[in-house]
Amino acid sequence: MAKRQAPGAGHIRTSETDRLLVSVAAGSQDAFARLYDAAAGPIYGIACRVLQDPARAEEVTQEVMLEVWQSAPRYRPESGHAMTWMMTIAHHRAVDSVRTLRRSAERERAVSQHESTLAFDDVVETVEALGEREQVRSCLKELTAELRQPVVLAYYQGLTHTEIAAALSLPLGTVKSRLRRALTRLRHCLGAPP
Amino acid sequence: MITADPHDLAGAYAADALTGEERETFLRHVADCPDCATETALQQEAAAWLALAAARTSPPGLRERVLAEAARTPQLPPTLPAQAGERRRRRSTPRLVHLALAASLAAAAALGGLAAWQHQEARQTRQEAASQAADFARLLAAPDTAFVKKDLSYGGSGTVAVSRRLNQAAYFCRGLTPLPADKIYQLWYVAPGNKVRSAGLLRAESTLQAVSLPPPDTAAALAVTVEPSTGSAKPTTDPLTTWLLPTA
Ligand SMILES: [Zn+2]
């Protein structure tokens, strides 16, 4: 793959993406084109990571961007940043899609067991591969392993907390509270996303 | 599988580690818990960073396809005005129709009769609901307001109140069959010539629900369908029920 850039990372300021989405809500296709430039890269990237299938990731990116267009009139700037809103939609769709695929193959159990080992080794690799955002990588590395593992398994591999509990041999409640603590620390380390 | 502290679920929710039913349970909790709503928003901010960090150059050609598709796709209507008051009170994820006490009283009026409503109205003390209550009260009191009630084959009952003179309408229901987390009820106005427009979204609640509908204008009927949770620009399923609205 060509030198990867994080499209939209950095060159659009926080409030600008928010404003763009508000313009999209008013029906501006021009604003939507600019919003695409800011958001398509992260959406495609997270979909690739969760789905491990560029073709499916491309479909998901298309669906997500269209949902952003259609639902923009319902975005409330006061309840969060545009980027957060869009990434929430994107991640949910990607995870939904990967779970459907796993289920439809009727090997959910086998997959999750298989992935337990895979996923586990992958945590380190996944974190190292985050080239685009040095800061995110370093904040992830600052987490203790016990906080980092669940959040990487959930967010980048789309595992459910039940699967994570099995993979890490932890009680469910522990997985839930670690996910929360991990995200809280990340946010303190990183601040609000653009 | 509900833990003792639902607050702990905000992280699992933001990381999409919950499965359908737990997700739904958590969302119901969040709707009534401002702390969890705030916490969830913060957790989602952190999670968004993880997506940004994974950014890649998107495939060539996709931009043109997406922009072309958007250009021919209508956008969804903004959420109902009735929700504005609710949003001011709690900063939460888009949550549709659950109106305040006043609305329940209005629903009681439509479903149970005006006397019951008037009786309860005297005890109505919630300031924040006052303007909604006034809207409903005006509609319920208008001389030409008609109530069209139907028992729904899929559970519960629904009543449409419509005043042509005020060009105002409301929908009251109770006991709607709950839907999976990724589905929602959507109301539609149907005008002559089969022109369909959205009249808002409706989550299933076990209690009475009252929804302020947009002005009916020329609508001849109200219909309800099941749609994906973000709502649809046009109905994608057949109507579950249709209410014929009296003409002026
Ligand atoms: Zn709570």
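For chain A, the name recorded in an unreviewed UniProt entry is Sigma-70 family RNA polymerase sigma factor, with Streptomyces cyaneochromogenes as its organism. Here chain A is described in UniProt, under the heading Sequence similarities (unreviewed entry), as follows: "Belongs to the sigma-70 factor family. ECF subfamily."

S.K.: If you had to explain the coordination of the zinc ion to someone new, which residues and values would you point to?
M.R.: Residues and elements named next belong to chain B. Protein coordination at the zinc ion: the donors are His29 (NE2), Cys33 (SG) and Cys36 (SG), at 2.1 to 2.3 Å from the metal. Counting the intervening residues between successive donors of the zinc ion yields the motif H-x3-C-x2-C. Among the residues examined, cysteine 33 registers a relative accessible area of 11% and is labelled buried.

S.K.: Talk me through the interface of chain B and chain A; I want residue IDs and the actual numbers.
M.R.: Contact with chain B, which involves 57 residues of that partner, is made by 73 residues of chain A. Summed over both sides, the interface of chain B with chain A buries roughly 6,100 Å², with 60% coming from carbon and sulfur. The largest per-residue losses of area from chain B upon contact with chain A belong to Trp49, Leu50 and Arg56 of chain B, which jointly make up 14% of the total buried on that side. The interface formed by chain B and chain A holds four salt bridges in total. Taking the shortest distance from any N to any O, the salt bridge between aspartate 8 of chain B and arginine 180 of chain A comes out at 3.3 Å. Where the side of chain B that touches chain A is concerned, the elements lending two or more residues are helix H1 (9-14), helix H2 (20-31), helix H3 (34-53) and helix H4 (62-71) of chain B. It is H3 of chain B that provides the largest number of residues to the side of chain B that touches chain A, a total of 14 residues.

S.K.: Help me get a handle on the pattern of salt bridges, residues and values and all.
M.R.: All names here are of chain A. Across all of its chains, the model carries 14 salt bridges over all chains by this definition. Arginine 93 is the partner of glutamate 63 in a salt bridge, and the nearest nitrogen-oxygen pair spans 3.1 Å. Taken together, the residues span a long stretch of sequence, with glutamate 63 in helix H3 (residues 54-71) and arginine 93 in helix H4 (residues 82-104) at a distance of 30 residues. The exposure class assigned to glutamate 63 is partly exposed, which follows from its relative accessible area of 33%.

S.K.: Can you explain the packing of aromatic side chains? Please cite residues and give values.
M.R.: Residue and element names in this part refer to chain A. Within the structure shown, the criterion is met by five aromatic pairs over all chains. Considering the side-chain rings of tyrosine 155 and tyrosine 156, the 5.8 Å spacing of their centres and the 85° angle between planes classify their relative orientation as edge-to-face. A relative accessible area of 2% places tyrosine 155 in the buried class. For tyrosine 156, a relative accessible area of 1% puts it in the buried group.

S.K.: Which residues make up the pairing of strand S4 (residues 183-191) of chain B, and what values do they have?
M.R.: Residue and element names in this part refer to chain B. In terms of residue burial, S4 counts as a mostly covered element, since eight of its nine residues are buried. The pairing of S4 with strand S7 (residues 221-228) spans eight bridges and is antiparallel. Along S7, the bridge assignment pairs lysine 183 with proline 228. Pairing of S4 with strand S5 (residues 195-202) involves seven bridges; the strand directions are antiparallel. Counterpart to tyrosine 185 in the pairing with S5 is leucine 202. With antiparallel pairing between neighbouring strands as the criterion, S4 and S5 make up a hairpin whose turn holds three residues, including glycine 193 at a positive phi of roughly 85°.

S.K.: Mind laying out the sheet that holds strand S8 (residues 241-244) of chain B, listing which residues take part and the relevant values?
M.R.: Residue and element names in this part refer to chain B. Across the sheet, which stays open at both edges, the four strands sit in the order S5-S4-S7-S8 with antiparallel pairing between neighbours. In this open sheet, the two edge strands, each paired with only one partner strand, are S5 and S8. When the angles between neighbouring strand axes are averaged without regard to direction, this sheet yields 30°.

S.K.: Go over the sheet that holds strand S6 (residues 209-213) of chain B with me, naming the residues and quoting the values.
M.R.: Residue and element names in this part refer to chain B. The four strands are arranged S1-S2-S3-S6 in an open sheet whose pairing can be described as antiparallel. At either end of the open sheet lies a strand with only one pairing partner, and these are strand S1 (146-151) and S6. Across the sheet, the axes of successive neighbouring strands diverge by a mean angle of 15°, strand direction being ignored. Bridge analysis of S1 against strand S2 (residues 157-163) gives six bridges, and the strand direction is antiparallel. Each bridged residue has a counterpart across the sheet, and for alanine 146 the counterpart in S2 is valine 162.

S.K.: Please provide a residue-by-residue account of helix H6 (residues 134-142) of chain A, values included.
M.R.: Along H6 of chain A, the positions that sit buried rather than exposed are Val136, Arg137, Cys139 and Leu140 of chain A. For H6 of chain A, the arc enclosing every buried residue in end-on projection is 165°, short of the 170-degree limit, so these residues lie on one face.

S.K.: How would you sum up the pairing of S7 of chain B? Please name residues and give values.
M.R.: Consecutive side chains along a regular strand alternate between the two faces of the sheet. Residues and elements named next belong to chain B. Of all eight residues that make up S7, seven are buried, and the element is covered over most of its length. Relative to S8, S7 is paired through four bridges, and the arrangement is antiparallel. Looking at S8, one finds that valine 224 is bridged to threonine 241.

Reading the values: the criteria
- Residues numbered from 1 in each chain as written.
- Chains lettered and ligands numbered in written order.
- Predicted model: local features only at pLDDT ≥ 70, side-chain atom pairs only at ≥ 80, totals over all residues.
- Heavy atoms only, no water.
- UniProt positions renumbered as here; feature names shortened; annotations may be inferred.
- Donors = N, O, S within 2.8 Å, 3.2 Å for Na, K, Ca; no water.
- Buried < 20%, exposed > 50% of the residue type's maximum accessible area, 1.4 Å probe, protein only.
- Contact = heavy atoms within 4.5 Å.
- Buried area = accessible area lost by both parts, 1.4 Å probe.
- Salt bridge = Lys/Arg side-chain N within 4 Å of Asp/Glu carboxyl O.
- Helix = DSSP H or I, 4+ residues; strand = E, 2+ residues; numbered from the N terminus.
- Phe/Tyr/Trp six-rings, centres within 6.5 Å; stacked < 30°, edge-to-face > 60°.
- Pairing = 2+ DSSP bridges.
- Axes fitted to C-alpha atoms, helices over the stretch in contact; angles between N-to-C directions.
- Arc of directions from axis to C-beta.

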